[in-house]
Amino acid sequence: MTLRRLVRHPLVLFGVALYVFPYLVVAAGKSTFNASEFLVWAIFATGLNLLWGHTGDLSFGHGMFFGWGAYTAGLASRHVAFVPLDLVAAAVVAMAVAYPLAKIIVRRATGIYFAMITLAVGEMFFFIAIRLTSITGGENGLGDIRLGKLLWVDLTSRVNFYYLSAWVAFIAIACAWFITHSPYGRVCRAIQQNRARVPFLGFDTVRYRERAFVLSAGICGIAGGLAAFLFRHVGADTLRWTNTGEAVLITMLGGLQSFFGPAAGAVAVKFLESTLIPKTKYWPAVIGAVFAAFVLLAPGGLAGLAERGRALLRRRAGTPAPPASAPPAPVLESTA
């Protein structure tokens, strides 16, 4: 890869954006705390999109993995106050919970049934968290979450914590990038486009969907763990379907199937929320109206609008549009 291509690589540009992002957020009247919160939701939406946008399975229960990650990181911090290790534990536990669920749910449900079963399981875990008062704190939630230091860096500083969040977001989203751009990811995209035809190519669609379910749960668990350290508190509401519902809205607003669309949607929705909440008690109605407008007028979300803008600029500059290319076909070697 040449230096020019490396500099223009989407992940490199994303890393640069993460570095300057807090300055832009502060210039817009927000704080570095808000910037860290935006990154938490960007990771969460990217994890959900890995399953929904790139495999075609809509889950209304991924808030449970977000919550499992949050509780795991919070409890682990009481014993080992080392944030990177606690976040790894959050991802591992979320994936461990997702693995048996994938074996049960993915094998038996698709479409709306898949969404409803994941919603029901998520609500079940919410009520379990309410009852396990000795571990989760019940309705009061889990407090006493320790940040400590990372080497010599004091993580209680909001600026330092933002750059920790930026590194975590970069690693988590880069992992999702390599997953979606691998041969495995191309098979998942083929499943999303035509689930009935993929088995004729020799691929076990159930197995690929199971893996996508587990991998997306791990990324959502990282988001939950980071949220626990950001807010220094974990409530049972983190497992509720409403948490997932907001991630679904963010993903659609950013652009379903677009890789960086959900991250952009997270920034847009959370910025709008933080602006509206202090000003009006009807802020959910405003956000609902914005969402409805995007569904009707720009179904491709922010990513679709960006593509329209690029096409318009090309036309004005007299540059021919690049030829439409078919999505990459999956490799022809079965790994089932």
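Before any of the text, the structure's been laid out above.
Below is a short write-up of the structure. (Residues numbered from 1 in each chain as written. Predicted model: local features only at pLDDT ≥ 70, side-chain atom pairs only at ≥ 80, totals over all residues. Heavy atoms only, no water.)

### Comments concerning the packing of aromatic side chains
And then number 1: Evaluation of the coordinates by the stated rule reveals 19 aromatic pairs.
And then number 2: Arranged with centres 5.6 Å apart and planes meeting at 45°, the rings of Trp-41 and Phe-44 form a pair that is tilted. Within this pair, Trp-41 and its partner Phe-44 are both found in helix α3 (residues 32-55), separated by three residues, close to a single helical turn. The same class applies to Trp-41 and to Phe-44, which are both buried.
And then number 3: Between the aromatic rings of Trp-68 and Phe-125, the centroid separation amounts to 5.6 Å while the plane-to-plane angle is 85°, which identifies the pairing as edge-to-face. Within this pair, whereas Trp-68 is found in helix α4 (residues 63-77), its partner Phe-125 is found in helix α6 (residues 111-131), the two being separated by 57 residues in sequence.
And then number 4: Given a relative accessible area of 29%, Trp-68 falls into the partly exposed group.
And then number 5: Residue Phe-125 is classed as buried on the basis of its relative accessible area, which comes to 13%.
And then number 6: One residue, Lys-30, lies across the ring of Phe-271, its end atom 5.3 Å from the ring centre.
And then number 7: Of note, Arg-211 hangs over the ring of Tyr-208, and the distance from its end group to the ring centre comes to 5.7 Å. (Phe/Tyr/Trp six-rings, centres within 6.5 Å; stacked < 30°, edge-to-face > 60°. Helix = DSSP H or I, 4+ residues; strand = E, 2+ residues; numbered from the N terminus. Buried < 20%, exposed > 50% of the residue type's maximum accessible area, 1.4 Å probe, protein only. Lys NZ or Arg CZ within 6 Å of the ring centre and 35° of its normal.)

### Here we look at the state of the cysteines
And then number 1: What the rule picks out here adds up to zero disulfides.
And then number 2: No disulfide involves Cys-188; its nearest neighbouring cysteine sulfur is the one of Cys-220, lying 15 Å away.
And then number 3: According to the relative accessible area criterion, Cys-188 is buried, its value standing at 4%.
And then number 4: Here Cys-220 falls in the buried class, since its relative accessible area comes to 0%. (Disulfide = S-S within 2.5 Å.)

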